[in-house]
Amino acid sequence: MWKFVFHLDEIVIVKFYLFLSVMFMMMVTLIILINRVAPEFLGLSVIGLILLKFALMYLIRKKLNFEAVPGYKFHFIIPYFVLTTLLTYYAIKLINHDKKQ
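Given the structure is predicted, the values throughout are model-derived calculations rather than measurements.

Calculation rules
- Numbering of residues starts from 1 in each chain and follows the order in which that chain's sequence is written.
- Where totals are concerned, whole chains, interfaces and linings use all residues; where local detail is concerned, this predicted model gives features only for residues with pLDDT of at least 70, and gives and counts side-chain atom pairs only at 80 or more.
- Hydrogens and water are ignored here; the side-chain numbers use all heavy atoms of the structure.
- Helix numbering and strand numbering both begin at the N terminus, where a helix is a DSSP run of H or I of at least 4 residues and a strand a DSSP run of E of at least 2.
- The buried label applies to any residue whose accessible area, calculated with a 1.4 Å probe on protein chains only, is under 20% of its type's maximum; exposed applies above 50%, and partly exposed to all values in between.
- Throughout, a contact is declared for two residues whenever any of their heavy atoms are within 4.5 Å.
- Accessible surface is estimated by sampling points in the Shrake-Rupley manner with a 1.4 Å probe; for residues, cover comes only from the protein chains shown.
- Only the six-membered ring of Trp is used, alongside the rings of Phe and Tyr, when aromatic pairs are assigned; centres must lie within 6.5 Å, and planes under 30 degrees apart are stacked while those over 60 apart are edge-to-face, with the rest tilted.
- The span expected for a helix works out to 1.5 Å for each residue beyond the first.
- By definition, the arc is the one covered by directions from the helix axis to the C-beta atoms.
- UniProt positions are given in the numbering used here, feature names are shortened, and annotations may be inferred rather than shown by experiment.

Caption draft 1: Representation of the overall build of the protein in the model. When its secondary structure is counted, the protein shows 4 helices and 0 strands. What you see in the protein, going N to C, is helices and strands ordered as α-α-α-α. Of all 101 residues assigned to the protein, the portion counted as buried reaches 33%. The contacts of the protein with a sequence gap of at least 6 include a subset with a gap of at least 24, amounting to 72%. Here the protein displays about 7,100 Å² of accessible surface, and carbon together with sulfur accounts for 74% of that area.

Caption draft 2: Representation of the packing of aromatic side chains in the model. Tallied over the entire structure, the rule returns 2 aromatic pairs. Seen in terms of ring centroids, Tyr-80 and Phe-81 are 5.5 Å apart; in terms of plane orientation they differ by 70 degrees. Their pairing is edge-to-face. The exposure class of Tyr-80 is buried, given its relative accessible area of 10%. Linked through ring pairs, Phe-54, Tyr-80 and Phe-81 together constitute an aromatic cluster.

Caption draft 3: Spatial organisation of helix α3 (residues 42-63). Counted at 1.5 Å a residue, the expected span for α3 with its 22 residues is 32 Å, and the 31 Å between its end C-alpha atoms agrees. The complete set of buried residues in α3 reads Leu-42, Ser-45, Val-46, Leu-49, Ile-50, Lys-53, Met-57, Ile-60 and Arg-61. Viewed end-on, α3 has its buried residues packed into an arc of 140 degrees, placing them on one side of the element. Exposed and oriented more than 90 degrees from the buried face of α3 are Leu-44, Ile-47, Leu-51 and Leu-59. Remark: Asn-65 follows α3 within two positions and exhibits a positive phi of approximately 55 degrees.

Caption draft 4: Region of interest: the UniProt feature "transmembrane region" (unreviewed entry) in the protein. Mapped onto the present numbering, the UniProt feature "transmembrane region" (unreviewed entry) falls at residues 12-34, 41-60 and 72-92. In this annotation, residues 12-34 is assigned 100% helix and 0% strand; the end-to-end C-alpha distance for the span is 32 Å. As annotated, residues 41-60 has a helix share of 95% and a strand share of 0%, and its two end C-alpha atoms lie 28 Å apart.

Pasting the structure below:
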């Protein structure tokens, strides 16, 4: 379907979205661990994790030759911001939950 409708290389797209999913699960796991070990540094840790995520996304973009896919910016930027927003929202919920206790 990807190749027929959007003229995209489905292998690159699937690898990229799989990478995004695994990275998102790892980031959530790290946030949970940081919240258990040092909850006072959770906000700063989220900023560091987002920076690390951006660096990894940039490196994987070069590795997959993502520029060959037409409209690659939409496949790169939109999922990055959506998953970063979800990660930040979860961290905010954890921070507010800790303040209530």
